[in-house]
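Each chain, written out:
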Amino acid sequence: MPSTIARAFAVIPLRTFIVEDNPLIYDHLATTLQELAGVEVIGHARDEAHAVQWLRQAQPFELMIVDIYLLSGSGLGVLKAAQDARLSARRVVLTNRATPDIRQRCAQLGADRVFDKSCELEELISYCERIADGSATAPGGLH
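All values reported here derive from a predicted model rather than from experimental measurement. (Residues numbered from 1 in each chain as written. Predicted model: local features only at pLDDT ≥ 70, side-chain atom pairs only at ≥ 80, totals over all residues. Heavy atoms only, no water.)

Draft legend 1. Seen up close, empty space enclosed by the protein. Tallied over the entire structure, the rule returns one cavity of 30 Å³ or more. By volume, the largest cavity amounts to about 30 Å³. Together, Ile18, Val19, Glu20, Leu29, Ile65, Val66, Asp67 and Leu94 line the largest cavity. Contributions of two or more residues to the lining of the largest cavity are made by strand 1 (14–19) and strand 3 (63–66). (1 Å grid on protein atoms, 1.4 Å probe; cavity = no way out; pocket = protein on both sides within 12 Å on 5 of 7 lines; lining within 4 Å. Points joined across faces, edges and corners; volume = space filled by probe spheres on them. Helix = DSSP H or I, 4+ residues; strand = E, 2+ residues; numbered from the N terminus.)

Draft legend 2. Just the pattern of salt bridges, in detail. Counting across every chain of the model gives six salt bridges. Across the salt bridge formed by Arg105 and Asp101, the nearest N and O atoms sit 4.0 Å from each other. Here Arg105 pairs with Asp101, and both are found in helix 5 (residues 100–108), just four residues apart, close to one helical turn. Look at the salt bridges and you will find they share partners, linking Glu20, Asp67 and Lys117 into a network. (Salt bridge = Lys/Arg side-chain N within 4 Å of Asp/Glu carboxyl O.)

Draft legend 3. Local environment of the sheet that holds strand 2 (residues 39–45). Pairing is parallel in the open sheet, where five strands are placed in the order 2-1-3-4-5. Looking at strand neighbours, the two that pair on one side only are strand 2 and strand 5 (113–116), the edges of this open sheet. Ignoring strand direction, the axes of neighbouring strands in this sheet form an average angle of 25°. The pairing of strand 1 with strand 2 spans six bridges and is parallel. For Ile18, the partnering residue across the bridge sits in strand 2 and is His44. Against the sheet, helix 2 (residues 23–36) contacts strand 1, strand 2, strand 3 and strand 4 (90–95), and its axis sits at roughly 160° relative to strand 2. (Pairing = 2+ DSSP bridges. Axes fitted to C-alpha atoms, helices over the stretch in contact; angles between N-to-C directions. Contact = heavy atoms within 4.5 Å.)

Draft legend 4. Broad picture of helix 4 (residues 75–84). For helix 4, every residue scored as buried is listed here: Gly75, Leu76, Gly77, Val78, Leu79 and Ala82. Packed against the buried residues of helix 4 are strand 1, helix 3 (48–57), strand 3, strand 4 and helix 5. For helix 4, the N-terminal capping position is held by Ser74, with its side-chain oxygen 3.0 Å away from the main-chain nitrogen of Leu76. Backbone geometry just downstream of helix 4 places Arg86 in the positive-phi region, at approximately 55°. (Buried < 20%, exposed > 50% of the residue type's maximum accessible area, 1.4 Å probe, protein only. Polar contact = N/O pair within 3.5 Å; in protein donor to acceptor, adjacent residues only side chain to side chain.)

Here it is as structure tokens:
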């Protein structure tokens, strides 16, 4: 991952892989993050199998945003695959069901943060901006 100094002097997009099954949510999320948070979407999957396949063949990236409930499979399976592959990318969950149980399960599978789609999109955008500009804290700190 580029250093804070490198990001300060050059506009380096935050290469991001998004796992989201709803096309409208995906389009809105990708557009918003590209416009506001310095994100470049380099891959997208709508189900667990395609996401895991993409991870195995992927070019380097810094951020993965995963929905839990997918067309088939689960975002939890995608997180497990990323954990097993020891990917260095930050892993963020964006879900409609950010219950304490889901947050705990995501943390156990290596998620750095969990955001609720219904009320925490601004926090996700802010988090992406901080990763992109190098000011984000170390991964972790679920809330």
